[in-house]
Amino acid sequence: MNHVRKALTVPFKTVNAKCFDTRWFSYKSPCPALQTRLFSNVGSSAKPAMSSTAGLVIPCKAAVAWEAGKPLVIQQVEVAPPQAMEVRIKIKYTSLCHTDLYFWEAKGQTPLFPRIFGHEAAGIVESLGEGVTGLEVGDHVLPVFTGECGECAHCKSDESNMCDLLRINTERGVMLSDGRSRFSINGSPINHFVGTSTFSEYTVVHSGCLAKINPLAPLDKVCVLSCGISTGLGATLNVAKPQKGSSVAIFGLGAVGLAAAEGARIAGASRIIGVDFNRGRFEQAKKFGITEFVNPKDYDRPVQEVIAEMTNGGVDRSVECTGSINAMISAFECVHDGWGVAVLVGVPSKEAVFVTKPINLLNERTLKGTFFGNYKPRTDLPSVVDMYMNKKLEVDKFITHRVPFSEINKAFELMVKGEGLRCIISLED
Ligand SMILES: NC(=O)c1ccc[n+]([C@@H]2O[C@H](COP(=O)([O-])OP(=O)(O)OC[C@H]3O[C@@H](n4cnc5c(N)ncnc54)[C@H](O)[C@@H]3O)[C@@H](O)[C@H]2O)c1
Ligand SMILES: [Zn+2]
Ligand SMILES: [Zn+2]
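Residues numbered from 1 in each chain as written. Chains lettered and ligands numbered in written order. Predicted model: local features only at pLDDT ≥ 70, side-chain atom pairs only at ≥ 80, totals over all residues. Heavy atoms only, no water.

The name given to the protein in an unreviewed UniProt entry is alcohol dehydrogenase, with Herrania umbratica as the source organism.

Chemist: Lay out the overall build of the protein with the relevant residues and their values.
Modeler: Scanning the protein from N- to C-terminus turns up 14 helices and 18 strands. Counting over 429 residues, the protein shows a buried share of 56%. For the protein, contacts bridging at least 24 residues in sequence account for 71% of all contacts bridging at least 6. Summed over all atoms, the accessible surface of the protein reaches about 17600 Å², with 53% contributed by carbon and sulfur. (Helix = DSSP H or I, 4+ residues; strand = E, 2+ residues; numbered from the N terminus. Buried < 20%, exposed > 50% of the residue type's maximum accessible area, 1.4 Å probe, protein only. Contact = heavy atoms within 4.5 Å. Areas by Shrake-Rupley, 256 points an atom, 1.4 Å probe, with all protein chains shown as cover.)

Chemist: An account of empty space enclosed by the protein is requested, with residue identities and associated values reported.
Modeler: Rolled over the atoms, a probe with the dimensions of a water molecule shows which regions are left empty. Inspection of every chain in the model, using the stated rule, returns one cavity of 30 Å³ or more. Volume-wise, the largest cavity comes out at about 180 Å³. Taken together, the residues that form the lining of the largest cavity break down as eight nonpolar, six polar and three charged. (1 Å grid on protein atoms, 1.4 Å probe; cavity = no way out; pocket = protein on both sides within 12 Å on 5 of 7 lines; lining within 4 Å. Points joined across faces, edges and corners; volume = space filled by probe spheres on them. Nonpolar A, V, L, I, M, F, W, Y, C, P; charged D, E, K, R; others polar.)

Chemist: Please provide a residue-by-residue account of the nonpolar core, values included.
Modeler: Core analysis: the largest hydrophobic core is formed by 108 residues, its most contacted members being Val77, Phe199, Val222, Leu225, Ile250, Ile290 and Ile408. No fewer than three residues from each of domain 1 (2-226 + 395-426) and domain 2 (229-373) sit in this core. (Core = buried A, V, L, I, M, F, W, Y, C linked by side-chain atoms within 4.5 Å. Domains from an automatic or database assignment.)

Chemist: Explain the coordination of the zinc ion (ligand 3) to me, using residue names and the numbers behind them.
Modeler: Taken together, the protein donors to the zinc ion (ligand 3) comprise Cys149 (SG), Cys152 (SG), Cys155 (SG) and Cys163 (SG), at separations of 2.3 to 2.4 Å. Coordination at the zinc ion (ligand 3) comes from four donor atoms whose angles at the metal span 103 to 117 degrees, giving a geometry best classed as tetrahedral. (Donors = N, O, S within 2.8 Å, 3.2 Å for Na, K, Ca; no water. Tetrahedral: all angles 85-135°; square planar, octahedral: opposite > 155°, others 65-115°.)

Chemist: Any details on the site of ligand 1? Residues and values, ideally.
Modeler: Every one of the 29 residues lining ligand 1 counts as a neighbour, but His98, Thr99, Asp276, Val345 and Phe372 are closest to it. Between ligand 1 and His98, the relevant distance is 2.3 Å, taken from an oxygen atom to a side-chain nitrogen or oxygen of the residue. With respect to ligand 1, the side chain of Arg281 contributes an N or O atom lying 2.9 Å from an oxygen atom. If ligand 1 stood free it would expose 880 Å²; the protein chains cover 91% of that surface. If you list the elements that add at least two residues to the shell around ligand 1, you get helix H4 (98-105) and helix H8 (255-267). The greatest single-element share of the shell around ligand 1, amounting to three residues, is contributed by H4. Looking at the shell around ligand 1 residue by residue, the classes come out as 15 nonpolar, eleven polar and three charged. When we break the shell around ligand 1 down by domain, the ones giving at least three residues each are domain 1 (2-226 + 395-426) and domain 2 (229-373). (Near = heavy atom within 4 Å. Polar contact = N/O pair within 3.5 Å; in protein donor to acceptor, adjacent residues only side chain to side chain.)

Chemist: An account of the coordination of the zinc ion (ligand 2) is requested, with residue identities and associated values reported.
Modeler: The coordination sphere of the zinc ion (ligand 2) contains the protein donors Cys97 (SG), His119 (NE2) and Cys227 (SG), at a distance range of 2.0 to 2.3 Å. Between consecutive donors of the zinc ion (ligand 2), the numbers of intervening residues give the motif C-x21-H-x107-C. Note that Cys97 is positioned in the loop between strand E4 (86-95) and H4 and His119 in the loop between H4 and strand E5 (120-128), a separation of 22 residues in sequence. Exposure remark for Cys97: the relative accessible area of 4% places this residue in the buried category. According to the relative accessible area criterion, His119 is buried, its value standing at 1%.

Chemist: Residue-level account of the sheet that holds strand E11 (residues 247-251), with values.
Modeler: Strand order in the open sheet formed by six strands is E13-E12-E11-E14-E15-E16, with parallel pairing between adjacent strands. Strands with a single pairing partner mark the edges of an open sheet, and in this sheet they are strand E13 (292-294) and strand E16 (366-369). With strand direction ignored, the average angle separating the axes of adjacent strands in the sheet is 20 degrees. Its contacts with the sheet place H8 against E11, strand E12 (271-275) and strand E14 (317-320), and it is angled at close to 170 degrees to E11. (Pairing = 2+ DSSP bridges. Axes fitted to C-alpha atoms, helices over the stretch in contact; angles between N-to-C directions.)

Chemist: So, unusual backbone geometry: which residues are in play, and what are the values?
Modeler: Cis peptide bonds are those with omega within 30 degrees of zero, and the linkage from Phe113 to Pro114 qualifies with -10 degrees. For Pro114, the location among the structural elements is in the loop between H4 and E5. Despite not being glycine, Met85 shows a phi value in the positive range, around 65 degrees. When you line up the elements, Met85 lands in the loop between strand E3 (73-79) and E4. Judged by relative accessible area, Met85 falls into the partly exposed class, the value being 34%.

Chemist: Tell me about the environment of Asp178, and name the residues and values.
Modeler: Residue placement: Asp178 occurs in the loop between helix H5 (153-156) and strand E7 (183-185). A relative accessible area of 30% places Asp178 in the partly exposed class. Residues Asp178 and Gln83, 95 residues apart in the sequence, show an inter-C-alpha distance of 8.6 Å. In this structure the side chain of Asp178 is engaged in a polar contact, spanning 2.9 Å, whose partner is the side chain of Arg182.

Chemist: Tell me about helix H13 (residues 377-389), and name the residues and values.
Modeler: If you check H13, its first and last C-alpha atoms are 18 Å apart, about what 13 residues at 1.5 Å a residue would give, namely 18 Å. For H13, the set of buried residues is Pro377, Leu381, Pro382, Val384, Val385, Met387 and Tyr388. Considering only its buried residues, H13 is in contact with strand E6 (140-143), strand E10 (210-212), helix H6 (219-222), helix H7 (228-240) and H8. Looking at the residues trailing H13, positive phi occurs at Lys391, about 65 degrees. (Expected span 1.5 Å × (residues − 1).)

Chemist: Could you give an account of the pattern of salt bridges, with specific residues and numbers?
Modeler: Here the structure, examined in full by the defined rule, presents 20 salt bridges. Salt-bridge contacts for Lys397 lead to Glu262; the nearest nitrogen and oxygen are separated by 3.0 Å. With Lys397 in the loop between H13 and strand E17 (399-404) and Glu262 in helix H8, this pair connects stretches of sequence that are 135 residues apart. On the basis of relative accessible area, Glu262 is assigned to the buried category, the value being 0%. (Salt bridge = Lys/Arg side-chain N within 4 Å of Asp/Glu carboxyl O.)

Written out as structure tokens, the structure reads:
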């Protein structure tokens, strides 16, 4: 932890205290004067070359997780300026993805606290660290939990988005460049989460983990494209690649699974079988093109056998979006021999082990996995936003709840209860 403590000694100036009067601490609205100075011309062609807060520490509100499974505490944190190749952004909207919940619960994951979670979000560039190119103050951006350095073998390959430098690392709580945190409270560092930490009014992100998007896209909607929806959509369109008229099984009908179903619908699949323990998900799932529903609890035999019977030997493609190891095995074993392809998307517990008979593979079934639907964050994500802007992709139906930042814990409660799909947390209210 020594490298984290070093953060305490970094001599950053703090933003003029006048701009951070009691409104910052009463959790109502950020300093209006600062907001106006920073973003008054966002959306117009003239962007500020530099914000007045560049190079300064910004005190702001963040939702800090102090202990596994305990409600987040909204409190003031200090956000240091971005270092080389980093960008500080003002988060406008964020949403909760199951990956946040897993690491917050820390069951089967390495606990790392105190930590600022959050990785599905949309924001505006406030200031840039040294060496950042292709981004300007005022740009609208989606932060992504995995990045694109543009230089490594993965970034240069058309087949991979697993950047050597910036691929997801759930156990790192500091920034890459100097091994320190940009967040602190009274001088003590707070851990980052997957390089994004979007449950904060301001956050610092590596420039390779930011997608610059169409400034006309509504940030309170497209924020969900920064993780879950793009992940599910890409898992089907880029990895499973079902043919027109084929059958697809989707395990887990949360936002990621329903986005995978949306991908199957767009690809022209004729049967889209939804598998979930939660029957309540089915009504909603019909809006996403799910044609049949299977609840594994309704049967006393493995669900893969049920699906094989329903489909004359197995589905052509399956996409697992649960994080359950049993669902992963079922998703693989329910694809047809000879051509079936199963794609794993869910994040399993650290100890989970995938067990299947090798004959299942020898019989020409393919097992694949994907992070972020194989999209390269900087190169590909802007076009996913454009799919929404061009009405090819429906995003609104994924957004079932909205809460102000002060009520962020409600978003956690909803996800724990399995209610709704995506809850947008507004940092604007
Ligand atoms: N690979 C990636 O890049 C990536 C990105 C984002 C999210 N994820 C992961 O995708 C998964 C889904 O995320 P989400 O936000 O949609 O979660 P969610 O909680 O909204 O949905 C998960 C659904 O799976 C169902 N489920 C759980 N176990 C099941 C089982 N054994 N069989 C059938 N259904 C089961 C639940 O009832 C729930 O409806 C999570 O594991 C998340 O961590 C992965
Ligand atoms: Zn996510
Ligand atoms: Zn790279």
